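Okay, here's what each chain looks like letter by letter:
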Amino acid sequence: MPERRVVITGLGVICSLGHNVAETWTALSEGTSGITPIHCLDTAGLSFHNGAQIRGLDVLQHFDKKKLHLLDPFAQFAVIAAREAVQDAGIEWTSQLKARTAVITGSCVGGQTSEEELFVGFYRDGKTRAPALTVPRVMANASCSAITMEFGATGPAFTTATACSSANHAISQALLMVKYGKADLAVAGGSEAPFVFGHLLAWDSLRAISPDTCRPFSKGRRGTILGEGAGMLILEPLEAALARGAHIYAELAGCGLSADANHLTAPTCEGPMKAIQLALQDAGIHPHQVGYINAHGTGTEINDCVETRAIRAVFGKHADNLPVSSTKSMHGHALGAAGAIEAVATTLSLAHGVIPPTMNFLDPDPDCELDVVPNRARMASIDCALSNSFSFGGLNAVLAFKRCNA
Amino acid sequence: MQMTMENMISSQQNSEMADSQHSQEIAATVISVVSAEMGLPSEDLTLKRSFEELGIDSLNGLSIITELENAFTVHLENEAIAKIRTLADVVRAVENAFAEKAGEGGPHA
């Protein structure tokens, strides 16, 4: 089968900025931060107290009790975002389409809430039996499985686990499936629910979490801030989208994947560089055509320096005039959902001609010399954009988007 | 003999002696934790030796610090950890963390 152009026709998101795309985009384009004191648990004993948590979610509005019992929060978020994306795309399910629909989701840490429930019950409360559904709630593919069941999608379906790049790897895989005819529709993205005490304690020991807020690329940055939620995209061939008169947000034009093969937590410059170059090549985009990069931009000392060097190395002089922002400054670092939430942000940025800012920015850091769109969104007509994800373990995935004039 | 000496010295000296005993205890724990983490015989480890020459990278370093935090129930700030180059620096950082912890409960807290 010849290569097919792949377009994005549906979006879904839930994160600290909102329960849907409209709320989230309003916050992103107005520079509203979702970072607040962590409210779902007592943070005494941790050296950080802030997070980007979903607020005011009544899950019973989304699931009946019987169904809820089956789903860890990370799977709930995935289904909520997938439902929005499918509805947004106006998918009319036929048995043929269901058979040809791929579902590929990313998750870094799986069902932490359910896992901790087991440990607290056993070690602290002296229970002798674990909750019966611990295993199927904890498994990292629980989100993917729940989405397939929600829509009766029986095509290729699996979960990618590449830490902070999980969602970008999932979306890349879905792109390849649709591009090469292994599926005619894909629901792709990622979800995460990391606000669980034991898990936060583990992050604390890594010394990567900021005691105040997330200030990517800024002087005075002190680390990242964890976030939670999900993002989902509907991908389909351009021709199919045109034929059914679907609204097309943007073309998902390519992906670039690479490994650092170096260190568990310290990134190299070469790995990210290679992923960016491969994404440009795959999409047939010349570096000077890129008008926006949604950065990995975690707000840690080392990531932001290395990412700056990688961008400068690929784009050369064009980097002087290339807006690069980290929306993690608003929705936090949602780990396996990060790339998906950022893919939604990047898609809407192209569609609306608005670049979301890097919030909480204080002063320029000479080691991060980029136009990071500090503290205020910017109008800009963008033809091509990239979204970077680099992970612990050195696994990099970059997505390339094109504005669709079709 | 030791008891009589201790009775004779001033309370300030007394606390200095306690400090030095405490330092030795911290140093011994640092050496045993580093030895276990890196698989190096403890007799090869002196306080003068640096992380670099012992092959202690950032992740080994984090593991060592976390073990020590657990052993002494103290918290080391990132800024303090960033300054560590030698095992003696580790001992000093743990001592400082003790001092800060004591300070928190004190009149100037």
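A.B. asks: Please set out the overall build of chain A residue by residue, giving values where relevant.
C.D. replies: Along the backbone of chain A there are 14 helices and 14 strands. Relative to its length of 406 residues, chain A is compact, with a C-alpha radius of gyration of 20 Å against a globular reference of 22 Å. Its C-alpha atoms give chain A principal-axis dimensions of roughly 60 × 55 × 40 Å. Taking all 406 residues of chain A together, the buried fraction comes to 60%. Accessible surface computed for chain A: about 15300 Å², of which carbon and sulfur atoms make up 54%. Taken as two groups, the 30 positive and 37 negative side-chain charges of chain A have centres that lie 3 Å from each other.

A.B. asks: Describe in detail the sheet that holds strand β10 (residues 324-325) of chain A, supporting the description with residues and values.
C.D. replies: Residues and elements named next belong to chain A. Overall, mixed pairing links the 10 strands, which are arranged β5-β4-β6-β7-β1-β8-β14-β13-β9-β10 in an open sheet. Unpaired on one side and paired on the other, β5 (157-160) and β10 mark the two borders of the sheet. Sheet topology note: the strand β9 (residues 290-294)/β10 ladder contains 2 bridges and is parallel. Paired with Asn 294 across the strands is Ser 325, a residue of β10.

A.B. asks: An account of the packing of helix α1 (residues 21-30) of chain A against helix α14 (residues 338-352) of chain A is needed here, citing residue identities and associated values.
C.D. replies: All names here are of chain A. Viewed as axis vectors pointing N to C, α1 and α14 meet at an angle of 75°, and their least axial separation amounts to 11 Å. Taken together, the axis directions place α1 and α14 in an arrangement best described as roughly perpendicular. The residues of α14 that touch α1, namely those facing Val 21, Trp 25 and Leu 28, are Ala 345, Leu 348, Ser 349 and His 352.

A.B. asks: How would you sum up the pattern of salt bridges? Please name residues and give values.
C.D. replies: Residue and element names in this part refer to chain A. All chains considered together, the criterion is met by 22 salt bridges over all chains. Arg 221 serves as the salt-bridge partner of Asp 304, at 3.4 Å between the closest nitrogen and oxygen. Of this pair, Asp 304 sits in helix α12 (residues 301-315) while Arg 221 sits in the loop between α9 (197-206) and β7 (229-237), and the two are 83 residues apart along the sequence. In terms of burial, Asp 304 and Arg 221 fall into one category: buried. Arg 403 is paired through a salt bridge with Asp 383; the nearest N and O atoms lie 2.7 Å apart. Here Arg 403, found in strand β14 (residues 395-403), pairs with Asp 383, found in the loop between β12 (378-379) and β13 (384-390); they are 20 residues apart in sequence, far enough to count as distant. Here the residues in one salt-bridge network are Arg 221, Glu 301, Asp 304 and Asp 365, joined through shared partners.

A.B. asks: Please set out the side chain of A:Glu342 residue by residue, giving values where relevant.
C.D. replies: Mapped onto the elements of the fold, A:Glu342 is located in helix α14. Not counting residues up to four positions away in its chain, the partners in contact with A:Glu342 are A:Asn294, A:Ala295, A:Thr327, A:Lys328, A:His331, A:Ser387, A:Asn388 and A:Ser389.

A.B. asks: How would you sum up the packing of aromatic side chains? Please name residues and give values.
C.D. replies: Residues and elements named next belong to chain A. By the definition in use, this model includes 5 aromatic pairs over all chains. On the numbers, 6.1 Å between centres and 35° between planes, the contact of Phe 119 with Tyr 123 is tilted. One end of the pair is Phe 119 and the other is Tyr 123, both in helix α5 (residues 112-124) and 4 residues apart, which spans about a single turn. Among the residues examined, Tyr 123 registers a relative accessible area of 65% and is labelled exposed. Three or more aromatic residues link up through ring pairs in this structure, and these residues are Phe 119, Phe 122 and Tyr 123.

A.B. asks: Tell me about the environment of B:Val90, and please be specific about residues and values.
C.D. replies: All names here are of chain B. Within the secondary structure, Val 90 sits in helix α6 (residues 87-105). Sequence separation between Val 90 and Leu 45 is 45 residues, and the spatial gap between their C-alpha atoms is 13 Å. Beyond its immediate chain neighbours, meaning those up to four positions away, Val 90 contacts Val 30, Phe 51, Ile 65, Leu 68 and Ile 84.

A.B. asks: Let's hear about the interface of chain A and chain B: which residues, and what values?
C.D. replies: Contacts between chain A and chain B engage 8 residues on the former and 13 residues on the latter. Taken together, both faces of the contact between chain A and chain B bury some 750 Å²; the carbon and sulfur share is 47%. Broken down residue by residue, the surface that chain A buries against chain B is led by A:Ser205, A:Arg207 and A:His263, which jointly contribute 65%. Inspection of the chain A/chain B interface yields 2 salt bridges. Residue B:Glu79 pairs with A:Arg222 through a salt bridge whose shortest N-O separation is 3.7 Å. Here chain A is connected to chain B by 3 residue pairs in polar contact (both at pLDDT 80 or more). For the side of chain A that touches chain B, the class distribution of residues is 2 nonpolar, 4 polar and 2 charged.

A.B. asks: Summarise α12(A); cite the residues concerned and give the values.
C.D. replies: Residue and element names in this part refer to chain A. Taking 1.5 Å per residue as the helical rise, α12 with its 15 residues ought to reach 21 Å, and the 22 Å between its terminal C-alpha atoms agrees with that figure. Looking at the buried residues of α12, the elements they touch are α11 (270-283), β9, β10 and β13. Looking one or two residues beyond α12, the residue adopting positive phi is Gly 316, at roughly 55°.

A.B. asks: Go over the packing of α11(A) against α12(A) with me, naming the residues and quoting the values.
C.D. replies: Residues and elements named next belong to chain A. Orientation of α11 relative to α12, taken along the N-to-C sense of each, is 45°, at an axis distance of 9 Å. Comparing the axis directions of α11 and α12 gives the class oblique. For the crossing formed where α11 meets α12, the hand is right-handed. Across the interface between the two elements, Pro 272, Met 273, Ile 276, Gln 277 and Leu 280 of α11 pack against Ala 310, Ile 311, Ala 313, Val 314 and Phe 315 of α12. Looking at the contact of α11 with α12 residue by residue, the class counts come to 9 nonpolar, 1 polar and no charged.

What counts as what
Residues numbered from 1 in each chain as written. Chains lettered and ligands numbered in written order. Predicted model: local features only at pLDDT ≥ 70, side-chain atom pairs only at ≥ 80, totals over all residues. Heavy atoms only, no water. Helix = DSSP H or I, 4+ residues; strand = E, 2+ residues; numbered from the N terminus. Rg over C-alpha atoms; globule rule 2.2 N^0.38 Å. Buried < 20%, exposed > 50% of the residue type's maximum accessible area, 1.4 Å probe, protein only. Areas by Shrake-Rupley, 256 points an atom, 1.4 Å probe, with all protein chains shown as cover. Lys, Arg positive; Asp, Glu negative; His and termini not counted. Charge placed at Lys NZ, Arg CZ, Asp CG, Glu CD. Pairing = 2+ DSSP bridges. Axes fitted to C-alpha atoms, helices over the stretch in contact; angles between N-to-C directions. Parallel < 35°, antiparallel > 145°, perpendicular 65-115°, else oblique. Contact = heavy atoms within 4.5 Å. Salt bridge = Lys/Arg side-chain N within 4 Å of Asp/Glu carboxyl O. Phe/Tyr/Trp six-rings, centres within 6.5 Å; stacked < 30°, edge-to-face > 60°. Buried area = accessible area lost by both parts, 1.4 Å probe. Polar contact = N/O pair within 3.5 Å; in protein donor to acceptor, adjacent residues only side chain to side chain. Nonpolar A, V, L, I, M, F, W, Y, C, P; charged D, E, K, R; others polar. Expected span 1.5 Å × (residues − 1). Left-handed = near helix turned anticlockwise from the far one by under 90°.

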